[in-house]
Amino acid sequence: MTSSPNHRAFFSDRKVVFLFASLCCLLWGSAFPAIKNGYVLFQIAPDDIPSQLLFAGYRFLFAGLVLLVVAAFSRKAIFGFDRRSLGQMTLLGLTQTSLQYLFFYLGLAHTTGVKSSIMNATGTFFSVLLAHFIYHNDRLSFNKVLGCVVGFVGVMVVNFGRGAMEFDFTLLGEGSVVLAALVLSAASIYGKKLSQRIDSVVLTGYQLAIGGATLLLIGFALGGALREPTLGGLVLLGYLVVLSSAAFSLWTTLLKYNRVSMVTVFNFMVPIFGTLLSALFLDERFLEWKNALALLLVCAGIWLVTREEVPGARASLNPR
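These remarks concern the structure in this document. On a predicted model such as this, the values are computed, not experimentally measured, just so you know.

### Looking at the overall build of the chain
Link 1 in the chain: Secondary structure assignment for the chain yields 13 helices and zero strands.
Link 2 in the chain: Its helices and strands taken in sequence order, the chain reads α-α-α-α-α-α-α-α-α-α-α-α-α from the N to the C terminus.
Link 3 in the chain: Across the 320 residues in the chain, those meeting the buried criterion constitute 56%.
Link 4 in the chain: Contacts in the chain between residues far apart in sequence, at least 24 positions, make up 87% of those at least 6 positions apart.

Here's what the structure looks like:
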């Protein structure tokens, strides 16, 4: 499927990229407190992994179906894909949705929303490092390397305990959040490649639906169950469905028409939104020296990795 020149011009406009990328980051930042509150409303314990997978599965399956319905009403082709395309969309769904959110939901259940928001920003640095080996116009530079170092130092700072020599990090909690960020970075680059041939909305709809269905199957197979939902629980799940539909579709479209690093630079807003919203809705402590310093370092790192604009970069904004 080819894209029209008008679409390319619109979605590669810097003001449009800023607006839509910021909106995506706001939505994703709100997911941290929303998921934590969802565990409470559906009475899901931190160690109840099967039920956490069910919660995630329902969210992404419905989000994917919503996008496919929207695509159908927009007269986009949602059927008739060859075996190769179906296999690629399935692989994207199993990685970008199933595997990533298996780690993400698991990690979020075992650490705070504020901490998860900051640590999830490692995805930006993973994307910059991976893009160096894949795209000819996204090479590493001194600023990018320095930015990655500064950002990862920030992630280390947020894991300090009460004492200077204490390190509060667990593989089940913080480790899972970092793994989720790494999986998302790799899968997003793969999704960028697919979006050159498959409509962004259709691609996102299939990968969310396939990934969500897989999470549901695993959750049911492991004995997971959700309590009878309250009105508040259903409203929150509905919000997460809309969040996923809108944010993932917009983000995939932006990646299709722009360099990876040009889009992922806005990820610095996710920890900011996530931290502030977690402090507001989860009553978590934010004004601690380590949280403030970590957030500053992570945001500075993300700014560094994408701040430079080399001569001729405007001419190579579109992916090869």
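Don't stop here, the text continues.
### Some points on the packing of aromatic side chains
Both the distance between ring centres and the angle between the ring planes are used here to describe each pair of aromatic rings.
Link 1 in the chain: Inspection of every chain in the model, using the stated rule, returns 16 aromatic pairs.
Link 2 in the chain: Look at F60 and Y101: their rings are 4.3 Å apart centre to centre, the planes differ by 50°, and that puts the pair in the tilted class. Of this pair, F60 sits in helix α3 (residues 49-73) while Y101 sits in helix α4 (residues 83-109); the two residues are 41 residues apart in sequence, bridging distant segments of the chain.
Link 3 in the chain: Put simply, the rings of F32, Y39, F42, F55, F60, Y101, F104 and Y105 pair up and form one aromatic cluster.

### Some remarks on the packing of helix α6 (residues 122-134) against helix α8 (residues 171-194)
Link 1 in the chain: Where α6 contacts α8, the axes come no closer than 8 Å and their chain directions differ by 40°. Once α6 is placed against α8, the crossing between them reads as right-handed. Each of T122, G123, F126, S127, L130, A131 and I134 in α6 lies in contact with α8, whose residues at this interface are V178, A181, L182, S185, A186 and I189.

### Here's the deal with the pattern of salt bridges
Any two side chains of opposite charge can pair, on the condition that their charged atoms come close.
Link 1 in the chain: Under the definition given, this model contains one salt bridge.
Link 2 in the chain: In this structure, the salt-bridge partner of D199 is K76, at a minimum N-O distance of 3.2 Å. Of the two residues, D199 sits in the loop between α8 and α9 (200-221) while K76 sits in the loop between α3 and α4, which places them 123 residues apart along the sequence.
Link 3 in the chain: Using a relative accessible area of 14% as the deciding quantity, one classes D199 as buried.
Link 4 in the chain: Residue K76 is classed as partly exposed on the basis of its relative accessible area, which comes to 28%.

### Side note on a nonpolar patch on the surface
Link 1 in the chain: A cluster of nonpolar side chains, namely V145, V149 and V153, defines an oily patch on the protein surface of about 220 Å² accessible area.
Link 2 in the chain: As for its position among the elements, V153 is in helix α7 (residues 142-157).

### Here's the deal with the side chain of S176
Link 1 in the chain: Its place among the elements puts S176 in helix α8.
Link 2 in the chain: Every residue in contact with S176, bar those within four places of it in the chain, is listed here: F103, F104, L106, G107 and L171.

### Section: unusual backbone geometry
Link 1 in the chain: A positive phi angle, close to 55°, is found at Q43, a residue other than glycine.
Link 2 in the chain: Examined against the element boundaries, Q43 turns out to sit in the loop between α2 (14-41) and α3.
Link 3 in the chain: One non-glycine residue, R75, lies in the positive phi region at around 65°.
Link 4 in the chain: As for its placement among the helices and strands, R75 is situated in the loop between α3 and α4.

### Looking at empty space enclosed by the protein
Link 1 in the chain: The full count for this structure, using the stated rule, is two cavities of 30 Å³ or more.
Link 2 in the chain: Of the pockets and cavities examined, the largest cavity occupies roughly 450 Å³.
Link 3 in the chain: Taken together, 33 residues form the lining of the largest cavity, with W28, L184, S188, W251 and N267 sitting closest to its centre.
Link 4 in the chain: At the level of secondary structure, the elements contributing two or more residues to the lining of the largest cavity comprise α2, α4, α6, α8, α9, α10 (231-257) and α11 (260-264).

### Things to note about the nonpolar core
Link 1 in the chain: The biggest cluster of nonpolar side chains holds 60 residues, and the ones touching the most others in it are W28, I35, F55, F60, F104, Y105 and W251.
Link 2 in the chain: Elements supplying a minimum of two residues to this core: α2, α3, α4, α8, α9, α10, α11 and α12 (269-281).
Link 3 in the chain: When residues in this core are grouped by element, the largest group, 13 residues, is from α2.
Link 4 in the chain: F55 has contacts with I35, G38, Y39, F42, I44, Y105, L226, L236, L237 and L240, leaving out every residue within four places of it along the chain.
Link 5 in the chain: Counting residues in hydrophobic clusters, the runner-up holds 20 residues, among them F125, V155, C299 and I302.

What counts and what doesn't
Residues numbered from 1 in each chain as written. Predicted model: local features only at pLDDT ≥ 70, side-chain atom pairs only at ≥ 80, totals over all residues. Heavy atoms only, no water. Helix = DSSP H or I, 4+ residues; strand = E, 2+ residues; numbered from the N terminus. Buried < 20%, exposed > 50% of the residue type's maximum accessible area, 1.4 Å probe, protein only. Contact = heavy atoms within 4.5 Å. Phe/Tyr/Trp six-rings, centres within 6.5 Å; stacked < 30°, edge-to-face > 60°. Axes fitted to C-alpha atoms, helices over the stretch in contact; angles between N-to-C directions. Left-handed = near helix turned anticlockwise from the far one by under 90°. Salt bridge = Lys/Arg side-chain N within 4 Å of Asp/Glu carboxyl O. Patch = residues over 30% accessible without salt bridge, like charges linked within 9 Å, V, L, I, M, F, W, Y side chains within 5 Å. Areas by Shrake-Rupley, 256 points an atom, 1.4 Å probe, with all protein chains shown as cover. 1 Å grid on protein atoms, 1.4 Å probe; cavity = no way out; pocket = protein on both sides within 12 Å on 5 of 7 lines; lining within 4 Å. Points joined across faces, edges and corners; volume = space filled by probe spheres on them. Core = buried A, V, L, I, M, F, W, Y, C linked by side-chain atoms within 4.5 Å.

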